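What follows is the residue order along each chain.
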Amino acid sequence: MNIRWKPIILSAFVLLVLFPFVYLVLLSFASEWRFPTVLPEYFGLKNWRAILGSEGGLLKSFGLSLVISLSVACISTITGFAVSRTLSYHAKRNTLTLLAYFPYVLAPVVFAVCLSYFFLKLGIFGSATGVIIAQFFISFPYALIFFMSFWGQRTKSYEELVSTLGGTRWQAYIKVLLPMAKGMLLICFFQTFLISWFEYGLTSIIGVGKVQTLTIKVFLFIKEANFYYGALSCCLLIFPPVLLLYINKKYVFNKLI
Amino acid sequence: MFLEVQQINKKYKEEEVVKDLNFNLDAHKTLSILGKSGCGKTTMLKIIGGLENSDQGKILLNGEEISNLSPEKRAVVYLYQEDLLFPHLTVFENIAFGLRIKKFTNQEVDRKVKAMIKSIELEAQWDKMPHQLSGGQRQRVSFGRAIITNPKLLLLDEPFGSLDAGTRQRMQSLFKKIAAEFRITSLFVTHDLKEAILMGDEIGYMQKGKLKVYKSKEVFIRDPETGVGNEIDFWKGLGMENGSLKNCTM
């Protein structure tokens, strides 16, 4: 009998990829699961109900993470798009682009230590505003470098064409450049959201334990060996990126290819 | 004179790109300018369109000095070799672009754009997206989009350079027709000798940043600097060669 290996290998591969996520979801519903018991002693909605009842402050962390990441993604994408234009047409474009890589030369923790003195002086150390600004320093250069490929002779020609047709620079932005860059803007928003969403080192130092984002919370639960809450917060951590990935795939990626 | 260009000069670092540019053009006429790549044609057009600043000189359009006006206030439209259609807009909306910017009412936009679509013979394509059009159709939309704004002056920078020979010929005829219909004043830059002679009411030759405008096409053809004589000799020679070949085979 001729065995068809391809579907078997493919199925095994899919299972391997999906298993950690399925296990994570199962773990979030379980408690009192000790070796050598095969199945957990409790399996239900207790952990999830605890979130709604704000035990452990997970829901609050989820909300805080959303606010921080959405702010960072919005500010970085908009400013990155606008500033990358100036940078692209600048005479010292190469030198300035090199400077944009600077935050990535340092480890996030070292970078945070460098920033902490100034943040202390400004009185934003240990605040959500401080974390947003600190994360902006990392995501903004990313957006800047990302949009550099958008600007060039062709885009400049479009801008010039709009002006000779009687349009102002603002009209060129609103009616031509932003619609043309729509796909790139959404991808950049998605990427900078992810940078902020999963950021740990910088957030833990600038937030000094006062700003407990979901990523910080996951690490806390893992340190406390509370696997069930850890799994649950991981589920919450994964949910927004998966949703964004779906939106990205459905409305952006399919239109770009 | 409708267009008066006086003593325009432009330098990039130490290189003089445009030297002592002086010429005039009557309204509703086309001046075609022939020149090799890098001779300063594009810089000259961009200075007139306000997209580049000149180091000195002035430009008068219908008696009004426009040298210090920003491009959007000059009513001078610059057309590139590439059609540069807005990829997110339909043919209709691409043509309507300039009118919408100038806040025309929807009824006016509708009426003007439909008339323009008819003039450029694209009635069947009005709702298509740019990527669904051929090169020639795209260039027609580009013309329509520029002309509908009723510019005082149209600057064409090798607009048919990227088209194949057949489409190029059809576009040349179409441009002549539209230019007459809408009474357009234009500067038509090309490096194609035949196109320069065909398209212009007047003709000029640009070399190393200097423009020479000829009194007539005959004077242009007789000037050895333009290379027209060499071209005629080449074709004549080829004709004789063909003739002798023909005689041999007979």
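Use the structure listed above.
Criteria and thresholds
Residues numbered from 1 in each chain as written. Chains lettered and ligands numbered in written order. Predicted model: local features only at pLDDT ≥ 70, side-chain atom pairs only at ≥ 80, totals over all residues. Heavy atoms only, no water. Salt bridge = Lys/Arg side-chain N within 4 Å of Asp/Glu carboxyl O. Helix = DSSP H or I, 4+ residues; strand = E, 2+ residues; numbered from the N terminus. Pairing = 2+ DSSP bridges. Axes fitted to C-alpha atoms, helices over the stretch in contact; angles between N-to-C directions. Contact = heavy atoms within 4.5 Å. Buried area = accessible area lost by both parts, 1.4 Å probe. Polar contact = N/O pair within 3.5 Å; in protein donor to acceptor, adjacent residues only side chain to side chain. Nonpolar A, V, L, I, M, F, W, Y, C, P; charged D, E, K, R; others polar. Phe/Tyr/Trp six-rings, centres within 6.5 Å; stacked < 30°, edge-to-face > 60°. Buried < 20%, exposed > 50% of the residue type's maximum accessible area, 1.4 Å probe, protein only. Lys NZ or Arg CZ within 6 Å of the ring centre and 35° of its normal. Parallel < 35°, antiparallel > 145°, perpendicular 65-115°, else oblique. Left-handed = near helix turned anticlockwise from the far one by under 90°. Core = buried A, V, L, I, M, F, W, Y, C linked by side-chain atoms within 4.5 Å.

Q: Which residues make up the pattern of salt bridges, and what are the values?
A: Evaluation of the coordinates by the stated rule reveals twelve salt bridges over all chains. Residue Glu-160 of chain A is joined to Lys-46 of chain B by a salt bridge in which the shortest nitrogen-to-oxygen separation is 3.3 Å. With Glu-160 of chain A in helix α8 (residues 153-164) and Lys-46 of chain B in helix α1 (residues 41-49), the pair connects residues from two separate chains. Notably, a salt bridge pairs Lys-212 of chain B with Asp-223 of chain B, separated by 2.9 Å at the nearest N-O pair.

Q: Got a sec to walk through the sheet that holds strand β10 (residues 210-213) of chain B? Specific residues and values, please.
A: Residues and elements named next belong to chain B. The sheet built from six strands is open, its strands ordered β6-β7-β8-β3-β9-β10 with mixed pairing. Every other strand in the sheet has two partners, leaving β6 (76-79) and β10 as the edge strands with one partner each. Neighbour to neighbour, the strand axes of the sheet diverge by 20 degrees on average, direction disregarded. Of the pairings in the sheet, the one linking strand β7 (residues 153-157) to strand β8 (residues 186-190) comprises four bridges and is parallel in character. Looking at β8, one finds that Leu-156 is bridged to Phe-188. Those strands touched by helix α4 (residues 135-147) are β6 and β7, and its axis lies near 170 degrees from that of β6.

Q: An account of the interface of chain B and chain A is needed here, citing residue identities and associated values.
A: Each side of the interface is counted separately: chain B has 23 residues, and chain A has 17 residues. Summed over both sides, the interface of chain B with chain A buries roughly 1,900 Å², with 64% coming from carbon and sulfur. It is Glu-72, Leu-84 and Ile-101 of chain B that lose the most area in chain B upon contact with chain A, and together they represent 28% of the buried surface on that side. At the junction of chain B with chain A, the criterion picks out two salt bridges. Linking Arg-154 of chain A and Glu-82 of chain B is a salt bridge whose minimum nitrogen-to-oxygen distance equals 2.2 Å. Summed over the shared surface of chain B and chain A, the result is seven residue pairs in polar contact (both at pLDDT 80 or more). For the side of chain B that touches chain A, the class distribution of residues is 13 nonpolar, four polar and six charged.

Q: Describe the packing of aromatic side chains, and please don't skip the residues or the numbers.
A: Following the criterion strictly, the structure yields 28 aromatic pairs over all chains and no others. Between Phe-160 of chain B and Phe-188 of chain B, the ring centres sit 5.7 Å apart and the planes meet at 50 degrees, which makes this aromatic pair tilted. Taken together, the residues Phe-160 of chain B in the loop between β7 and α5 (165-181) and Phe-188 of chain B in strand β8 connect sequence positions 28 residues apart. On the accessibility criterion, Phe-160 of chain B (0% relative accessible area) is buried. What links up through ring pairs into an aromatic cluster is the set Phe-81, Tyr-89, Tyr-142, Phe-146, Phe-147, Phe-150, Trp-151 and Tyr-173 of chain A. If you follow Lys-46 of chain A out to its NZ or CZ, it ends over the ring of Tyr-42 of chain A, 5.0 Å from the centre. Across from the ring centre of Tyr-89 of chain A, 5.4 Å away, lies the NZ or CZ of Lys-156 of chain A, which sits over that ring.

Q: Describe the packing of helix α3 (residues 58-88) of chain A against helix α10 (residues 182-197) of chain A, and please don't skip the residues or the numbers.
A: Residues and elements named next belong to chain A. Their axes nearest at 8 Å, the elements α3 and α10 cross at an angle of 135 degrees. Taken together, the axis directions place α3 and α10 in an arrangement best described as oblique. Of the two elements, α3 crosses α10, and the hand of that crossing is right-handed. Here Phe-62, Ser-65, Leu-66, Ile-68, Ser-69, Leu-70, Val-72, Ala-73, Cys-74, Ser-76, Thr-77 and Phe-81 of α3 lie close against α10, whose contacting residues are Leu-185, Cys-188, Phe-189, Thr-192, Phe-193, Ser-196 and Trp-197. Residue composition of the contact of α3 with α10, by class: 13 nonpolar, six polar and no charged.

Q: Let's hear about the packing of α3 of chain A against helix α12 (residues 214-223) of chain A: which residues, and what values?
A: Relative orientation and spacing of two packed helices are given, respectively, by the angle between their axes and the distance between those axes. Residues and elements named next belong to chain A. Where α3 meets α12, the axes come as close as 8 Å, and the angle between the chain directions of the two elements is 145 degrees. Contacts between α3 and α12 pair Leu-58, Ser-61, Phe-62 and Ser-65 from the former with Leu-214, Lys-217 and Phe-221 from the latter. Residues belonging to the contact of α3 with α12 are distributed by class as follows: four nonpolar, two polar and one charged.

Q: Account for the environment of Ile-247 of chain A, with residues named and values stated.
A: Of note, Ile-247 of chain A is situated in helix α13 (residues 227-256). For the pair Ile-247 of chain A and Leu-26 of chain A, spaced 221 residues apart in sequence, the C-alpha to C-alpha distance is 26 Å.

Q: Outline the nonpolar core, listing residues and values.
A: The biggest cluster of nonpolar side chains holds 72 residues, and the ones touching the most others in it are Phe-23 and Met-44 of chain B. If you tally residues by element for this core, the top one is helix α2 (residues 91-101) of chain B, at seven residues. Dropping the residues within four chain positions of it, Met-44 of chain B is found in contact with Val-18, Leu-21, Phe-23, Ile-33, Val-189, Met-206 and Leu-211 of chain B. Ile-51, Trp-197, Ala-231 and Cys-234 of chain A belong to the second-largest nonpolar core, a separate cluster that totals 24 residues.

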